Amino acid sequence: MTRRMPKYKRLTIMLLSFALLFSLTGCEKGKSEHYQTYVESLISANYLGVYSEYMNCTKSSEEDADAMYLQNVSRLADNLSAYYGLEITNDDVATSLMTLSKSIYSKTRFEVSPAYKDNNVYYVDVTVYPMDIIRNTNDKVLAYVQDFNNRVAAGEFNNYEKSDYETSFASGLILILTEACDSMTYRDPVTIKARIITSKDTFYISNDDFRAIDAAVLATVDTGSPAESTTEETEDVPSDEGGELPQDNEQP
């Protein structure tokens, strides 16, 4: 029943595996100054849970925008659970993990430049400040795992049901991350040059650019900078209706 140490490369893999595809929901075509607002609203809706500009831009409902945000938060919760090897068998722990994920994303810091032209194509520069919570809690997590293993070896959990044992471990780890979230630190900023793709009726940014933004939001423990996406390129097709929620690894 001994708990293994976390495998710190796994988080990078999970984040890339669950890269978001919400960039396909675009705004009605307009003046170039709208491009900056669109990208800002897209990031704010997905990570901060702030929807007003996104709803105005994409004509999405509040229900759709909220569902999109919660789907993104759930992805982070799943990633953290897989990364740390948690088995969530208790509703209270599941709720705590979702609350933690919301708290982490609420600390997202970014800036979007005004749109500019480069060879007749519009771009915006998205500067992201990668959150360093994973690396900063590394030592505490390792110490916690070692202490938990010692408690297991001492027989403290001999009479526990497996679900109670897993709940005990998960609760302690979530507490470490929650406390670290209150004093979030950041790595050096990363800038993504995001291309504005225009079609007959809409404009939007590509999957690859949004993946790059997503990868920069949360830094990994074993790299000096956030991991770059290595997922295969997918065809970018604007959605017919604003706010539509895509399924995992599928076009909306």
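Keep in mind that this is a model prediction, so the values were computed, not measured.

A. Seen up close, the pattern of salt bridges. In this structure the tally under the stated criterion is 7 salt bridges. For the salt bridge of Arg187 with Asp132, the shortest nitrogen-to-oxygen distance reads 2.7 Å. Taken together, the positions of Arg187 in the loop between helix H8 (162–181) and strand E5 (190–198) and Asp132 in the loop between strand E4 (121–129) and helix H6 (133–136) put the pair 55 residues apart, joining distant regions of the chain. The pair formed by Arg187 and Asp132 is uniform in burial state, with each residue classed as buried. Each of the salt bridges in this network shares a partner with another, and the network as a whole consists of Glu87, Lys162 and Glu166.

B. Spotlight on the pairing of strand E6 (residues 202–205). Of the two faces of E6, the one holding Thr202 and Tyr204 and the one holding Phe203 and Ile205 are both buried throughout. Looking at chain direction, E5 and E6 are connected through 3 bridges and run antiparallel. Directly across from Ile196, in E6, lies its bridge partner Ile205. If you look at the hairpin formed by E5 and E6, you'll find 3 residues sitting between the two strands.

C. Highlighting helix H5 (residues 91–106). For H5, built from 16 residues, the straight-helix expectation of 22 Å at 1.5 Å per residue is met to within 8% by its first-to-last C-alpha distance of 22 Å. Buried-residue contacts for H5 involve helix H2 (33–48), helix H4 (62–83), H6, H8 and helix H9 (207–217). With a side-chain oxygen positioned 2.7 Å from the backbone nitrogen of Asp92, the residue opening H5 is Asn90.

D. The arrangement of the nonpolar core in detail. The biggest cluster of nonpolar side chains holds 61 residues, and the ones touching the most others in it are Val39, Tyr84, Ile104, Val126, Ile133 and Ile205. Here the element with the most residues in this core is H8; it accounts for 9 residues. Apart from the residues lying within four places of it in its own chain, the contact partners of Val126 are Val39, Ile43, Glu111, Val112, Val190, Thr191, Ile192, Ala194 and Ile213.

E. Inspection of the environment of Asp92 at higher detail. The topology assignment puts Asp92 in helix H5. Each C-alpha atom of the pair Asp92 and Thr167 lies 9.2 Å from the other, and the pair is 75 residues apart in sequence.

F. Summary view of the packing of aromatic side chains. In total, this model carries 14 aromatic pairs according to the counting rule given. Here the aromatic rings of Tyr83 and Tyr84 are separated by 4.5 Å at their centres, their planes lie at 65 degrees, and the arrangement is edge-to-face. Among the aromatic residues, ring-to-ring pairing joins Tyr144, Phe148, Phe157, Tyr160, Tyr165 and Phe169 into one connected group. The aromatic ring of Tyr129 is capped on one face by Arg109, whose charged end is 4.4 Å from the ring centroid. Here the basic side chain of Lys193 rests over the ring of Tyr123, its NZ or CZ set 4.4 Å away from the ring centre.

G. Summary view of unusual backbone geometry. Notably, Lys59 is not glycine yet its phi reads approximately 60 degrees, a positive angle. You can see Lys59 is positioned in the loop between helix H3 (52–58) and H4.

H. A look at the side chain of Ser41. Within the fold, Ser41 resides in helix H2. Among the polar contacts listed, one links the side chain of Ser41 to the backbone oxygen of Tyr38, at a separation of 2.7 Å. Discounting residues that sit within four places of it in the chain, Ser41 has contacts with Val50, Glu53, Tyr54 and Cys57.

I. Representation of the packing of H5 against H8 in the model. Where H5 meets H8, the closest approach of the two axes is 10 Å, and the angle between their N-to-C directions is 20 degrees. By the angle between their axes, H5 is roughly parallel relative to H8. As H5 packs across H8, the resulting crossing turns out to be left-handed. Taken together, the residues of H8 that come into contact with H5 (itself represented by Val93, Ser96, Leu97, Leu100, Ser103 and Ile104) are Thr167, Ala170, Ser171, Ile174, Leu177, Thr178 and Cys181. Counted by class, the contact of H5 with H8 contains 8 nonpolar, 5 polar and no charged residues.

Definitions and limits used
Residues numbered from 1 in each chain as written. Predicted model: local features only at pLDDT ≥ 70, side-chain atom pairs only at ≥ 80, totals over all residues. Heavy atoms only, no water. Salt bridge = Lys/Arg side-chain N within 4 Å of Asp/Glu carboxyl O. Helix = DSSP H or I, 4+ residues; strand = E, 2+ residues; numbered from the N terminus. Buried < 20%, exposed > 50% of the residue type's maximum accessible area, 1.4 Å probe, protein only. Pairing = 2+ DSSP bridges. Expected span 1.5 Å × (residues − 1). Contact = heavy atoms within 4.5 Å. Polar contact = N/O pair within 3.5 Å; in protein donor to acceptor, adjacent residues only side chain to side chain. Core = buried A, V, L, I, M, F, W, Y, C linked by side-chain atoms within 4.5 Å. Phe/Tyr/Trp six-rings, centres within 6.5 Å; stacked < 30°, edge-to-face > 60°. Lys NZ or Arg CZ within 6 Å of the ring centre and 35° of its normal. Axes fitted to C-alpha atoms, helices over the stretch in contact; angles between N-to-C directions. Parallel < 35°, antiparallel > 145°, perpendicular 65-115°, else oblique. Left-handed = near helix turned anticlockwise from the far one by under 90°. Nonpolar A, V, L, I, M, F, W, Y, C, P; charged D, E, K, R; others polar.

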